Each structure stands twice: as structure tokens, then as C-alpha cells.
Amino acid sequence: EFTEKTILEVYEEEKPYLIEYRGEFKGYRLQLTTVLPLSLVHHDSNMYSVPCEYVGLAVQIKAYAWEIIILREGKVISQHVRCFKRHQKIYNPWHYISALERKPGALRNGAPFKELMTLLPEVFSKVRNKLEAHKDGEKQFIAILRLVNKHGLDKVTNACNLAMAAGGCSAPLVERYLQPPGLLESHAYEFIQ
């Protein structure tokens, strides 16, 4: 309509009458549900994982445009990027680490763990290969993975690197390298394996 004016000029004239920007709108849809036996919750046509300890409990799903957040009693227990495909199962392998104690074979064959090794730093593959020579190597590797939930990936990665550099590798050795420095030095004689 205003052929004699540019879009910017029209905008500048209308600007004082526009509603001020108040920040991004974070709308979501709230859904109440129960965690299924396979540690999944169902939203739309997809399923999203939650930590195993919440199986059978009531949770809330906040479905945002690009994200799914799962809460238990107001605490965030799981977050996923929203999947727009249909009939998918979206796993976070860290949600299932505690279940490996009861079902160690799931590390090789379980759907949540298919891509776990690609997500971990390279030292974890080296540790796993070294532990294969031990009768209880798989259980030791699972114990090391459980340390990640307790201490964080960076600290456990560092402890694995230190254990490998020392020439040995076992879950107790990695756990010792997670000890505070003073305590670590008092056990230095135990690191020879």
C-alpha cells in the first residue's frame, strides 16, 4: 500500500504501537503418566527413556516444541530432544547403567547400549579390551560405567587414563584414581597390578 516507502520506514512508524518483546514463549503440553517396565514413558507415538529407579512411578512429561522433559515430584529426571518420527524409542544409555548389574549381557545386546561406545571417550574402548582378558572383565567394565553416574564422565575418563598409563586396569584401580590426592598417595603401593 505504501509504494513510496520502504518496509523499514513503515516498520519504524509502526514500532511505537507494537507490543514490546518479552522474551521467548516457552509453551508446553503437560502429560501425567507412569514409567513403563522397560524404563520408558510414552508421548505421542514415541517412547523416551528415564532412569531405571523410576519404573512404575508416576511422572509428568513437559512436551515443548523441541524438547521433552520428564519430572518426578517437580525434579527433572530426564531430558530428550523431541523426536518427530513415529513409533521410535529414544534411549539415553546412562538411564540403564544400574540395570547392568542384574543383566550384564545387556551391555552387548541391549537396545539402549548399541551406541554407547561411540559416545564415550576412546580410553573406554581400551579399558574394555584390556578387561576382556579377565574372567569378570564385563562386570568390572560395568562397575567403571557406574562410576560415571557418581563422579561424572570427565573424572572417570581421567581415572581410566591414569590406570592405563600405570599399566593396569580394573574397576578398583580406576576407583582408587578417583580418590582425593592425599588418600591416593597413601594407597600408592597398591597400584601395581
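Treat the numbers as computed from the prediction; the structure is a model and nothing was measured.

If you had to explain the packing of helix α4 (residues 122-131) against helix α6 (residues 153-165) to someone new, which residues and values would you point to?
At a minimum axis separation of 10 Å, α4 and α6 run at an interaxial angle of 50 degrees. Comparing their axes, α6 and α4 come out oblique. With respect to the hand of their crossing, α4 and α6 are arranged in left-handed fashion. Where α4 abuts α6, its residues V123, F124, K126, V127 and K130 lie against L153, V156, T157, C160, N161 and M164. For the contact of α4 with α6, the residue count by class is 7 nonpolar, 2 polar and 2 charged.

Could you give me a rundown of the confidence of the model for the protein chain, with the residues and numbers involved?
A residue-level look at the protein chain finds 94% of positions with pLDDT of 70 or above and a mean pLDDT of 90. Within the model, pLDDT remains below 50 along residues 188-193, and this stretch shows 8 contacts once partners closer than five positions in the same chain are excluded.

Give me the sheet that holds strand β4 (residues 58-63): which residues, what numbers.
One key point about sheets: their strands pair by backbone hydrogen bonds, in either a parallel or an antiparallel sense. In space, the 4 strands of this open sheet follow the order β1-β4-β5-β6, with antiparallel pairing throughout. Across the chains shown, the open sheet's two edge strands, defined by having one partner strand only, are β1 (29-34) and β6 (75-81). Sheet twist, expressed as the mean angle between neighbouring strand axes with direction ignored, is 25 degrees. Where strand β5 (residues 67-72) meets β6, 6 bridges bridge the pair, whose relative direction is antiparallel. Following the sheet pairing, R72 is matched in β6 by K75.

Residue-level account of a nonpolar patch on the surface, with values.
A cluster of nonpolar side chains, namely L8, Y11 and L18, defines an oily patch on the protein surface of about 300 Å² accessible area. By the secondary structure assignment, L18 is in the loop between α1 (7-14) and β1.

Pulling in residues and values, what's your account of helix α5 (residues 137-151)?
Between its first and last C-alpha, α5 extends 21 Å over 15 residues, near the 21 Å set by a 1.5 Å rise per residue. Listed as buried for α5 are G137, Q140, F141, I142, I144, L145, L147 and V148. Elements in contact with the buried residues of α5: α2 (106-109), α3 (116-119), α4, α6 and α7 (171-176). In the stretch just after α5, G152 is the one whose phi turns positive, near 95 degrees.

So what about the nonpolar core? Which residues, and what values?
Core analysis: the biggest nonpolar cluster contains 31 residues, and F124, I144, L145 and V156 have the highest contact counts within it. Counting only elements with at least two residues in this core, the list comes to α4, α5, α6 and α7. At 6 residues, α5 tops the list of elements feeding residues into this core. Setting aside residues up to four positions removed in sequence, V156 forms contacts with F124, I144, L147, V148, H151, V174 and L178.

Now, about the sheet that holds strand β2 (residues 40-43): what can you tell me, with residues and values included?
Pairing is mixed in the open sheet, where 3 strands are placed in the order β2-β3-β7. Sheet topology places β2 and β7 (89-90) at the edges, where each strand pairs with a single neighbour. As defined by bridge partners, β2 adjoins strand β3 (residues 46-49) across 4 bridges and the pair is classed as antiparallel. Bridge pairing in β3 links L40 to S49.

Basis of the calculations
Residues numbered from 1 in each chain as written. Predicted model: local features only at pLDDT ≥ 70, side-chain atom pairs only at ≥ 80, totals over all residues. Heavy atoms only, no water. Axes fitted to C-alpha atoms, helices over the stretch in contact; angles between N-to-C directions. Helix = DSSP H or I, 4+ residues; strand = E, 2+ residues; numbered from the N terminus. Parallel < 35°, antiparallel > 145°, perpendicular 65-115°, else oblique. Left-handed = near helix turned anticlockwise from the far one by under 90°. Contact = heavy atoms within 4.5 Å. Nonpolar A, V, L, I, M, F, W, Y, C, P; charged D, E, K, R; others polar. pLDDT = per-residue confidence, 0-100. Pairing = 2+ DSSP bridges. Patch = residues over 30% accessible without salt bridge, like charges linked within 9 Å, V, L, I, M, F, W, Y side chains within 5 Å. Areas by Shrake-Rupley, 256 points an atom, 1.4 Å probe, with all protein chains shown as cover. Salt bridge = Lys/Arg side-chain N within 4 Å of Asp/Glu carboxyl O. Expected span 1.5 Å × (residues − 1). Buried < 20%, exposed > 50% of the residue type's maximum accessible area, 1.4 Å probe, protein only. Core = buried A, V, L, I, M, F, W, Y, C linked by side-chain atoms within 4.5 Å.

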